[in-house]
Each structure stands twice: as structure tokens, then as C-alpha cells.
Amino acid sequence: MQFMPKSNSLFLSLLFDYVFSFPKLIHIQEKRPKTNHLKAYIILKDSSKVEGYIQRRDDHNYYQSIKFISLEGNKQQYSPSWLIEFYLVNRSKTFISFGNIFMEGVFEGDSIQLFRYIKSSNLPVMGPAGGTFYTPIEKTKFFIRANKQDPLLEVKSKKFKEKFSKFFNKCPTISEKILSGEYKRRDIEWIVREYEYCMIE
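A brief look at the structure comes next. The shown structure was predicted, so the numbers you read here are calculated from the model rather than taken from an experiment.

### Observations regarding the pairing of strand S2 (residues 49-55)
Okay, step 1: Relative to S2, strand S1 (residues 37-44) runs antiparallel, the two being bridged by 7 bridges. Across the sheet, the residue bridging to His37 is Gln55, located in S2.
Okay, step 2: Counted between consecutive antiparallel strands, the loop separating S1 from S2 contains 4 residues, among which Ser47 sits at a positive phi close to 75°.
Okay, step 3: Here S2 pairs with strand S3 (residues 66-70) via 3 bridges, running antiparallel. From the neighbouring strand, Ile54 faces S3, where its bridge partner is Phe68.

Structure follows, in C-alpha cells:
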């Protein structure tokens, strides 16, 4: 009777283990959460990137915190103080941390970036019988920056002409429309898109 050399026997043993364990490894790597999650990645405060999934919500419900599941299946809830930003792959949308909130990206070009935060509150209203009921109201705050290194500038109606005619002065047509009153704060989403196009030309 011939015996297989120990080196060959060890090789075949390792090969056997690898072949039968490989499908399990693939299964672990491709393990996905339920369909109520979106593919995403987060950028931690140390600038490290982690890929995974975030629980599906409406955009304005991401402002306070997110529930994240890494590709390895680790679950963690993150507040703005933990992250620089997170990105929803399915929606092609970035959320950045700003103080104690996450702000959603409205427009992200090479020359300009616009973010917003929708603040919800309840307005007390007196009823006909003397009782009080509450009406929900929303207020949208916009913030803008030319690039990631610049501080965010809030877009307010007060002194809009003065501040933003200067901010957009690289595109004289936009500056003139702001100074003339043709463009106002309410037009900011259109303005940033026009500015991006202007800078590309």
C-alpha cells in the first residue's frame, strides 16, 4: 500500500476546506438587510469610509440620526457628531453634518454646492370653541459653499442682494439679476444650477 506524502495530504486538506468554505464566505459578504434599507457609505470623523446600508426614510427624517449596517452586518446608530457625511447611493444624495443636524444635498456641482434643512414645528391656533389645536409648519433653510473647504453660508432674504451679488460675481449675468431683484432667495436652486453652467463655459 502506498501512502500520500504529508505535504500533498496537507495541501489537499487545505484545498478541501477552502472549496467547501468559499460559498459560505461569499454568502456572508453578500448578506444584505431587508428591502427597507438603501445602499450607502459613511465618512467618519477620522475621514475613514465605511460601506453598508442605511434604513430607508424620507430625506427630512435623516436630519437627526441614521441607522447604519456595515457590509459585515454590524449595526450602529450615528448622530451628526460622529460623521463628516453620508451618501445614499440609490438616491445619489449626500448629507453633511452641521452642528447637531445632518443637512441634505440639493445640488452638488464642481463650482457650487447647495444644502438644505427643513425645520418642522407646530403653530398653536385657537379653535372656534375656545380650544387650541396645532398646525404643522415647515421652514426651509438653505446653505451654500463654493467647495468643501469653504465654510457654509446661510442663504437669507436679509441682505440677499448685497451678499450674493458678490458671492456669484464670477458670473456677471447672475450678479446683475440679483442686484436688479429679478433673482431672489426663493430662486436659489435655479441660481446655483445656472452658476454651475456659467462656470463650465
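### A few points about the pairing of strand S7 (residues 101-108)
Each regular strand carries side chains that alternate between the two faces of the sheet.
Okay, step 1: Where burial is concerned, most of S7 is hidden: 7 out of the 8 residues are buried.
Okay, step 2: Sheet topology places strand S6 (residues 93-98) next to S7; 4 bridges connect them, and they run antiparallel. Residue Ile96 lies in a different strand from S7, and its bridge partner there is Met103.
Okay, step 3: Remark: 2 residues form the turn of the hairpin made by S6 and S7, two consecutive strands paired antiparallel; Gly99 in that turn has positive phi of roughly 65°.

### Structural notes on the environment of Lys148
Okay, step 1: Secondary-structure assignment places Lys148 in the loop between strand S9 (132-145) and strand S10 (153-155).
Okay, step 2: Each C-alpha atom of the pair Lys148 and Gln113 lies 8.4 Å from the other, and the pair is 35 residues apart in sequence.
Okay, step 3: The residues touching Lys148, leaving out its near neighbours within four places in the chain, are Glu85 and Gln113.

### Topic: the pattern of salt bridges
Okay, step 1: Summed over all chains, the structure comprises 6 salt bridges.
Okay, step 2: The partner of Glu104 in a salt bridge is Lys93, and the shortest N-O contact between them spans 3.1 Å. Here Glu104, found in strand S7, pairs with Lys93, found in strand S6; they are 11 residues apart in sequence, far enough to count as distant.
Okay, step 3: Judged by its relative accessible area of 2%, Glu104 falls in the buried class.
Okay, step 4: The exposure class assigned to Lys93 is buried, which follows from its relative accessible area of 15%.
Okay, step 5: Between Arg116 and Glu104 there is a salt bridge; the shortest N-O distance is 3.5 Å.

Here is what the cut-offs are and how they apply
- Residues numbered from 1 in each chain as written.
- Predicted model: local features only at pLDDT ≥ 70, side-chain atom pairs only at ≥ 80, totals over all residues.
- Heavy atoms only, no water.
- Pairing = 2+ DSSP bridges.
- Helix = DSSP H or I, 4+ residues; strand = E, 2+ residues; numbered from the N terminus.
- Buried < 20%, exposed > 50% of the residue type's maximum accessible area, 1.4 Å probe, protein only.
- Contact = heavy atoms within 4.5 Å.
- Salt bridge = Lys/Arg side-chain N within 4 Å of Asp/Glu carboxyl O.

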